Amino acid sequence: MDNSMSPSGQDIAAIIAEDGNVVSVVTGLRSGEKGMLEAHRRARMRISRQRRAELARAGQLIRERGQRADWPVRQIAAQIRKELPEVHPLEAWRWAYGWSRAQTIAQVAQYYKDRNLGVPGLTSSMLCRYEHGEITPGPDYADALSSVYRADLADLGLERSYPRRAVTAGGAEYGAGWETASTARNGQLMANGSSSALQALHDSITLGLEVEGPAGGPQTRESLQAAVDYYALHYSASPPAVLADEVHRVRHLVNGMLAHRMADAARTELRRLAGWLSALVGNLAFHLDDRPAAMVHLQTAERLGDAVGDRWLVCWTLGARAMIACKQNRHQDAVVLGRRAHALADTPLRRAQMTAWAVLRPTAALGTSADEVGLLAAEAMDAMAAADGDLPGRFGFDLAELKLHLAEASLLVGDHTQARRHARDSIGHLPHGRPGWAAAQLVLARGEAARDGGDAAVLAGEVLDTIPAAHLRANSRERLTALVGDLAEVDTAAVRDLRERVATLPPLVPAARASAEPNGA
């Protein structure tokens, strides 16, 4: 038989080495040569466990080298790909963050939860197959991974997750849904009908009142608790003014219920719920830059918490009051409030929260030595390490928030290198486009301003490009203003553009609806 037209083993190896279309050259080969080609292809895709462990260790060393050199995550991922070409981009980005697969899956789950997308079915084995190029994630998981890693689809090697037909416009096309989903990467915090969810919660409470009478009953109180939980967990899904209006509307209903006679236990429970609603409207007023209202609402929450014996409500409210006092440059008052909050913190997570959120920053702002601030930071980190996991929601706490507070404290004591490091760590634990991401990005920008005004302006510009003005909270606006002050001596096009954009931000509008401060004793 004439073998002149059949490729040699060397030719087959050359074909395999081209990232190309193996199927197109298989036609016409003898069965044995087809098998040889397929075996070579499978061998190229397969990497031994030992080799994967070696690659993972090498990736860790590259990350450590990059951290010492203060590289951004993108640069670390690129360097991993450069030095370890066997590694898929998706895995390189995870290594660049220093995450386990479980941590990435947790971030994807949070991404889904924030947008009311249900519970993702992503597993460690699925992510492993994605990272090894065995299967390609669909557009939903591609969007989530892109947001979690703060990277474009091309950076992650996921362009194939969006076939050409996905860009077809039109109401009946599946691509229209994908176009909507992709807005999550552009910072539009999708809640998949969060306005409808808010209305449904309100309707549930009013229905309970119709059934159980104007004082309500067990069903109404259960609906109120569900509303408080929803508002706290989905705090970032709506513009602050929208959520504030809704929480005030529900607090007004509670005020009406408390005006009627009821059993002592029912009244105590209603006052407790009124306290948590007051804590929410207080925090929302702060984010809407209405600090007098914020202090009134938070004092109401503290008073109600104390009256009904809700230790955590009092603790959290004192921490929030300490935060506001710090923002008002009443740093000594803030430390006193923060210490009171810390004394009531009864779990390691809450102690970490009150140390970092309520005590650390005002202490740093008082001009305390870097060593003393470092001891407080270490105390917060030790408490966080002892905690039994994070707690999501407005009243919870997690590693991303801890790192944000550490970064801001580092800025206050003039340690810009440490501030940048903590800010990057915070960003690394947050999906792109969330308010926490914006806060950490702006703290990073202030850290960068100490050495490169252009990079700082670009980072801040990304926040303005990503977060709609109605979602941009008062404290992030303050960080932008402080950054413009940091860059006062820098005159570049990027900095001039930033100054103009910050100066022309539309003002925040306080809540249109208000409710009386509840008592109900």
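Residues numbered from 1 in each chain as written. Predicted model: local features only at pLDDT ≥ 70, side-chain atom pairs only at ≥ 80, totals over all residues. Heavy atoms only, no water.

Here we take up the overall build of the protein chain. Of regular secondary structure, the protein chain possesses 25 helices and zero strands. For the protein chain, with 521 residues in total, the buried portion stands at 51%. If you take every contact in the protein chain between residues at least 6 apart in sequence, the share linking residues at least 24 apart comes to 66%. (Helix = DSSP H or I, 4+ residues; strand = E, 2+ residues; numbered from the N terminus. Buried < 20%, exposed > 50% of the residue type's maximum accessible area, 1.4 Å probe, protein only. Contact = heavy atoms within 4.5 Å.)

With 14 residues, helix H7 (residues 101-114) ought to run about 20 Å at 1.5 Å a step, and its terminal C-alpha atoms sit 20 Å apart, in line with that. Buried within H7 we find Arg-101, Thr-104, Ile-105, Gln-107, Val-108, Gln-110, Tyr-111, Tyr-112 and Asp-114. Remark: Asn-116 follows H7 within two positions and exhibits a positive phi of approximately 55°. (Expected span 1.5 Å × (residues − 1).)

Now for the pattern of salt bridges. Considering all chains together, one arrives at 29 salt bridges under this definition. One salt bridge in this structure joins Glu-462 and Arg-150, with 3.5 Å as the shortest N-O distance. One end of the pair, Glu-462, is in helix H23 (residues 453-466); the other, Arg-150, is in the loop between helix H9 (139-149) and helix H10 (174-182), with 312 residues separating them in the sequence. You can call Arg-150 partly exposed: its relative accessible area is 21%. Beyond isolated ion pairs, a larger network of salt bridges with shared partners links Asp-70, Arg-420, Arg-424, Glu-448 and Arg-451. (Salt bridge = Lys/Arg side-chain N within 4 Å of Asp/Glu carboxyl O.)

What follows deals with the packing of aromatic side chains. Given two aromatic rings, one states the distance between the centres and the angle between the planes to describe the pair. Within this structure, the stated rule accounts for nine aromatic pairs. When the ring of Tyr-111 is compared with that of Tyr-112, the centres are 6.1 Å apart and the planes differ by 55°; the resulting orientation is tilted. When the centroid spacing of 4.8 Å and the interplanar angle of 90° are considered together, the rings of Trp-316 and Phe-395 count as edge-to-face. With Trp-316 in helix H16 (residues 311-327) and Phe-395 in the loop between helix H19 (370-386) and helix H20 (399-412), the pair connects residues that are 79 residues apart, well separated along the chain. Put simply, the rings of Tyr-111, Tyr-112, Tyr-130 and Tyr-141 pair up and form one aromatic cluster. The ring of Tyr-235 carries Arg-394 above its face, with NZ or CZ at 4.8 Å from the centroid. (Phe/Tyr/Trp six-rings, centres within 6.5 Å; stacked < 30°, edge-to-face > 60°. Lys NZ or Arg CZ within 6 Å of the ring centre and 35° of its normal.)

Residue Arg-150 is not a glycine yet carries a positive backbone phi of 55°. Not every positive phi belongs to a glycine, and Asp-289 is a case in point at roughly 65°. Residue position: Asp-289 is located in the loop between helix H14 (264-287) and helix H15 (291-308).

Counting residues in hydrophobic clusters, the biggest one holds 79 residues, and the most contacted among them are Leu-224, Tyr-231, Val-247, Trp-316, Met-354 and Phe-395. Among all residues touching Met-354, those that are not within four sequence positions of it are Trp-312, Cys-315, Trp-316, Gly-319, Ala-341, His-342, Ala-345 and Val-359. Ile-80, Trp-95, Val-108 and Tyr-130 belong to the second largest nonpolar core, which has 34 residues in total. (Core = buried A, V, L, I, M, F, W, Y, C linked by side-chain atoms within 4.5 Å.)

Turning to the side chain of Gln-107, a few remarks are in order. Here Gln-107 lies in helix H7. For Gln-107, a relative accessible area of 11% corresponds to the buried category. Filtering out sequence-adjacent residues up to four positions away, Gln-107 remains in contact with Trp-99, Val-148, His-429, Leu-430 and Pro-431.

What follows concerns the environment of Arg-434. Along the chain, the position of Arg-434 falls in the loop between helix H21 (416-428) and helix H22 (435-449). With 33 residues separating them in the primary sequence, Arg-434 and Ile-467 have C-alpha atoms 8.0 Å apart.

Over its 24 residues, H14 runs 35 Å from end to end, which matches the ideal 34 Å to within 8%, given 1.5 Å per residue. Immediately downstream of H14, the backbone of Asp-289 shows phi near 65°, a positive value.

Packing of H22 against helix H24 (residues 474-486) leaves a shortest axis separation of 10 Å and a crossing angle of 10°. Of the possible angle classes, the one that applies to H22 and H24 is roughly parallel. For the pair H22 and H24, contact is made by Ala-438, Ala-439, Leu-442, Val-443, Ala-445, Arg-446 and Ala-449 and by Ser-476, Arg-479, Leu-480, Ala-482, Leu-483 and Asp-486, respectively. Across the contact of H22 with H24, the residue classes break down as nine nonpolar, one polar and three charged. (Axes fitted to C-alpha atoms, helices over the stretch in contact; angles between N-to-C directions. Parallel < 35°, antiparallel > 145°, perpendicular 65-115°, else oblique. Nonpolar A, V, L, I, M, F, W, Y, C, P; charged D, E, K, R; others polar.)

Glancing now at the packing of helix H13 (residues 240-258) against H14. Angle between the axes and distance between the axes are the two parameters that describe a pair of packed helices. The contact between H13 and H14 brings their axes to 9 Å, and the two run at 155°. The pairing of H13 with H14 is recorded here as roughly antiparallel in orientation. In this structure, the crossing between H13 and H14 has a hand that is left-handed. Contacts from Pro-240, Leu-243, Ala-244, Val-247, His-248, Val-250, Arg-251, Val-254, Met-257 and Leu-258 in H13 reach Arg-267, Leu-270, Arg-271, Ala-274, Leu-277, Ser-278, Leu-280, Val-281 and Leu-284 in H14. Of the residues belonging to the contact of H13 with H14, the class tally is 14 nonpolar, two polar and three charged. (Left-handed = near helix turned anticlockwise from the far one by under 90°.)

Here the focus is the side chain of Glu-131. Considering the arrangement of structural elements, one finds Glu-131 in helix H8 (residues 124-131). Here Arg-94 takes part through its side chain, which lies 2.6 Å from a polar atom of the side chain of Glu-131. Sequence-distant contacts of Glu-131, that is, excluding residues within four places in its chain, are made with His-88, Leu-90, Glu-91, Arg-94 and Arg-101. (Polar contact = N/O pair within 3.5 Å; in protein donor to acceptor, adjacent residues only side chain to side chain.)

Of the residues in the protein chain, 83% have a pLDDT of 70 or more, and the chain-wide mean is 83. When pLDDT is averaged over each element of the protein chain, helix H17 (residues 331-344) comes out on top at 98 and H10 at the bottom at 28. Segment residues 1-45 is flagged for pLDDT under 50; beyond a separation of four residues in sequence, or across chains, it makes 27 contacts in the model. Low pLDDT, under 50, characterises residues 163-193; the predicted model gives this stretch 49 contacts beyond four residues in sequence or across chains. (pLDDT = per-residue confidence, 0-100.)

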